[in-house]
Amino acid sequence: LNVFLAKPSIFCEHLETIAVFWQMTDLAILEARGLHDTGIIPPSSGPAAVMCSERVHFMKHYIQTLQDAIIRESSVEDDSSLPLAGLRIVLNAGNGSGSFFNNLLQKLGADVSSSFNLNPDGTFPDGVPNPENNKMIEKTLRACEECKADIGIMFDTDADRCGFVVPRTVTPTSSSDYEALNKNRLIALLSVIFSNTSPGSTIVTDSTTSEGLSDFITNNLGLVHNRYLRGYANVIGKAKEITESGEAIAEMAIETSGHCAMRENGYLDDGTYTAVKVIGLLSRISRSSNADDRVSLLDLISDMKEMEVEKEVRLNVLDGSIQTTTQVFGHIANIVEDACTGGNGSEKVTEWELDSENLEGVRVRTGNGGFFMLRRSLHDPVISIMVEGTSPHDVQTFFERLYNLLQRNKEITGAVELSVLQN
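Our subject in this report is the structure included herewith. Quick caveat: nothing in here was measured; it's all calculated off a predicted structure.

1. Here we look at the overall build of the chain
For the chain, the count of helices and strands is 13 helices and 14 strands. Across the 423 residues that make up the chain, the buried fraction comes to 46%. In the chain, the proportion of contacts linking residues at least 24 apart, taken out of those at least 6 apart, comes to 61%. Per element, the accessible surface of the chain, about 20900 Å² overall, is 49% carbon and sulfur.

Following this line, the structure appears as structure tokens:
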């Protein structure tokens, strides 16, 4: 706060971050009041007061809610049964705070003997855990291959994000051909669950989700896809707004990063609860299928069209100014929009179709399920270009076309380094 007061310019540049901070503070206060009203948090005054020196065992309650949820999601009739019996699960907790989840899985019957990185260690000897990181995915994938696991789970540092590794091929005796289940795939799978439990409900995602995912949610599952802004606070806020207004029921708010909040869980951003939903689905499938008819979780989303290539390029603004970044982005956006429509005397790019419903930056469909998206950072002098295409050739052709459009404008060439588009 002192820094912001001393340098008002910094304060102005971070207004959105500050607003989100206060929103989260208000949310924390409301959650604390709710916990107090339900008796989970003891009073701080009166005859039953518990002072700050006393320990309150939040984890005991939290773990019990996860246990109850796994039993419920597994659809077992007897609470004393072991709903995860027969499943081999690998948890890569990344030496973060989610290692407790391994004990819960074991308690409910899962074989977790191949789990690793379970000791919380703030130095993160295996690297900072991130379920989107290729290194973390690869290590989890190898561990799953070695023990023929039914599923691998990855948490980030504080377990509010998760991702999975699952077998493509499932036989009565073995599992193989492991692949990552995250990003658009994870959103699709969770949407499959809600299409059965809450038909016609709304799924709120961030702005970078794929065209194939949107088509799958809407046309295959019969749900409503609300593609909103990036930022987990944004998607959660939008989901709550939709539900509270009575407009619809938004069952889930989720980002491709793995941040996920569900209505049934109080819209809490919680990676362990996301894992509960996926594990519960796997448990139901495993117990309901004949040994010869077992399916992969990937089979449930096989109708979603996926692009072969995903690429993100960042244009650095040379003077490091947020003001320049905003100005240059405006120029680039105008050029791209004119190329889509043929406006202002520009030659229309036939394959490009401007997404008029997009709420963040500029999003353009390129045909066959491909798209590209331009966004400017709110805090750094960077312009992001994200593209998905059917082949490396298609993506390279896009970058060459964009370079040819932008390099004609001196206000752009003098402000950003465009050579990255050629490489």
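We are not done yet, so read on.
2. What to know about the packing of helix α4 (residues 58-74) against helix α5 (residues 100-107)
Two elements in contact, α4 and α5, have axes separated by 11 Å at closest approach and are oriented at 45°. When the axis of α4 is compared with that of α5, the two are oblique. In this structure, the crossing between α4 and α5 has a hand that is right-handed. Only F100, F101, L104 and K107 of α5 make contact with α4, whose side of the interface consists of M59, Y62, I63, L66, Q67 and I70.

3. Structural notes on unusual backbone geometry
Phi is positive for F124, which is not a glycine, with a value near 45°. Mapped onto the elements, F124 comes out in the loop between α5 and α6 (134-147). Of note in this structure, D177 is not a glycine but carries a positive phi near 60°. As for its position among the elements, D177 is in strand β4 (residues 175-181).

4. Comments concerning the sheet that holds strand β8 (residues 260-262)
One open sheet accounts for five strands, arranged β6-β5-β7-β8-β9; its pairing is mixed. Two strands bound the open sheet, and with one partner strand each, they are β6 (224-227) and β9 (268-269). Where strand β5 (residues 202-205) meets β6, four bridges bridge the pair, whose relative direction is parallel. By the bridge assignment for β6, T205 is matched with R227.

5. Observations concerning the sheet that holds strand β12 (residues 362-367)
Read across the open sheet, the five strands follow the order β10-β14-β13-β12-β11; overall the sheet is antiparallel. The open sheet has two edge strands with one neighbour each: β10 (309-316) and β11 (353-354). Here β11 runs beside β12; their pairing, made up of two bridges, is antiparallel. Looking across to β12, one finds that E353 is bridged to R365. Against the sheet, helix α12 (residues 392-406) touches β10, β13 (370-376) and β14 (382-389), its axis set at about 145° to β14.

6. Quick word on the environment of S207
Mapped onto the fold, S207 is located in the loop between β5 and α8 (211-220). Using a relative accessible area of 0% as the deciding quantity, one classes S207 as buried. Sequence spacing of S207 and R227 is 20 residues, and the spatial spacing of their C-alpha atoms is 5.5 Å. If sequence neighbours within four positions are ignored, S207 has contacts with R227, Y228, L229, R230, N358, E360, R363, M373 and R375. Polar side-chain contacts of S207 include one of 2.6 Å to the side chain of E360.

7. Quick look at the nonpolar core
In this structure, F101, I153 and F164 are the most contacted members of the largest nonpolar core, which totals 55 residues. Every residue in contact with F164, bar those within four places of it in the chain, is listed here: I151, G152, I153, M154, E179, A180, L181, L186, T274, A275 and V278. The next biggest cluster of nonpolar side chains, apart from the first, holds 32 residues, and it includes V336, F398, F399 and L421.

8. Thoughts on the packing of aromatic side chains
Evaluation of the coordinates by the stated rule reveals seven aromatic pairs. Judged by centre distance (5.6 Å) and plane angle (70°), the rings of F101 and F155 are edge-to-face. With a gap of 54 residues between them, F101 in helix α5 and F155 in strand β2 (residues 151-155) connect regions that are remote in the sequence. The burial state of F101 is the same as that of F155; both residues are buried. Three or more aromatic residues joined by ring pairs form one cluster here, namely Y62, F100, F101 and F155. The ring of F371 carries R363 above its face, with NZ or CZ at 3.8 Å from the centroid.

9. Describing the environment of E312
The residue E312 is located in strand β10 in this model. Sequence-wise, E312 and L374 are 62 residues apart; in three dimensions their C-alpha atoms are separated by 9.9 Å. Those residues within four positions of E312 in sequence are excluded, and the remaining contacts are R375, S384, I385 and M386. Polar contacts involving the side chain of E312 include one to the side chain of S384, which spans 2.6 Å.

10. A word on the state of the cysteines
Taken as a whole and judged by the stated rule, the model has zero disulfides. Distance from the sulfur of C260, which forms no disulfide, to the nearest cysteine sulfur (C162) is 7.6 Å.

11. Some points on the pairing of β14
Of all eight residues in β14, eight are buried, a share of seventy percent or more. Of the two faces of β14, both are covered, the one formed by V382, S384, M386 and E388 as well as the one formed by I383, I385, V387 and G389. Pairing of β10 with β14 involves eight bridges; the strand directions are antiparallel. By the bridge assignment, V309 is partnered in β14 with G389.

12. Re the pattern of salt bridges
On inspection of all chains with the given rule, the structure shows 26 salt bridges. E306 serves as the salt-bridge partner of R185, at 2.8 Å between the closest nitrogen and oxygen. Pair noted here: R185 is in helix α7 (residues 183-197) and E306 is in the loop between α10 (271-288) and β10, with a separation of 121 residues, a long-range link. We classify R185 as buried; its relative accessible area is 15%.

Parameters and conventions
Residues numbered from 1 in each chain as written. Predicted model: local features only at pLDDT ≥ 70, side-chain atom pairs only at ≥ 80, totals over all residues. Heavy atoms only, no water. Helix = DSSP H or I, 4+ residues; strand = E, 2+ residues; numbered from the N terminus. Buried < 20%, exposed > 50% of the residue type's maximum accessible area, 1.4 Å probe, protein only. Contact = heavy atoms within 4.5 Å. Areas by Shrake-Rupley, 256 points an atom, 1.4 Å probe, with all protein chains shown as cover. Axes fitted to C-alpha atoms, helices over the stretch in contact; angles between N-to-C directions. Parallel < 35°, antiparallel > 145°, perpendicular 65-115°, else oblique. Left-handed = near helix turned anticlockwise from the far one by under 90°. Pairing = 2+ DSSP bridges. Polar contact = N/O pair within 3.5 Å; in protein donor to acceptor, adjacent residues only side chain to side chain. Core = buried A, V, L, I, M, F, W, Y, C linked by side-chain atoms within 4.5 Å. Phe/Tyr/Trp six-rings, centres within 6.5 Å; stacked < 30°, edge-to-face > 60°. Lys NZ or Arg CZ within 6 Å of the ring centre and 35° of its normal. Disulfide = S-S within 2.5 Å. Salt bridge = Lys/Arg side-chain N within 4 Å of Asp/Glu carboxyl O.

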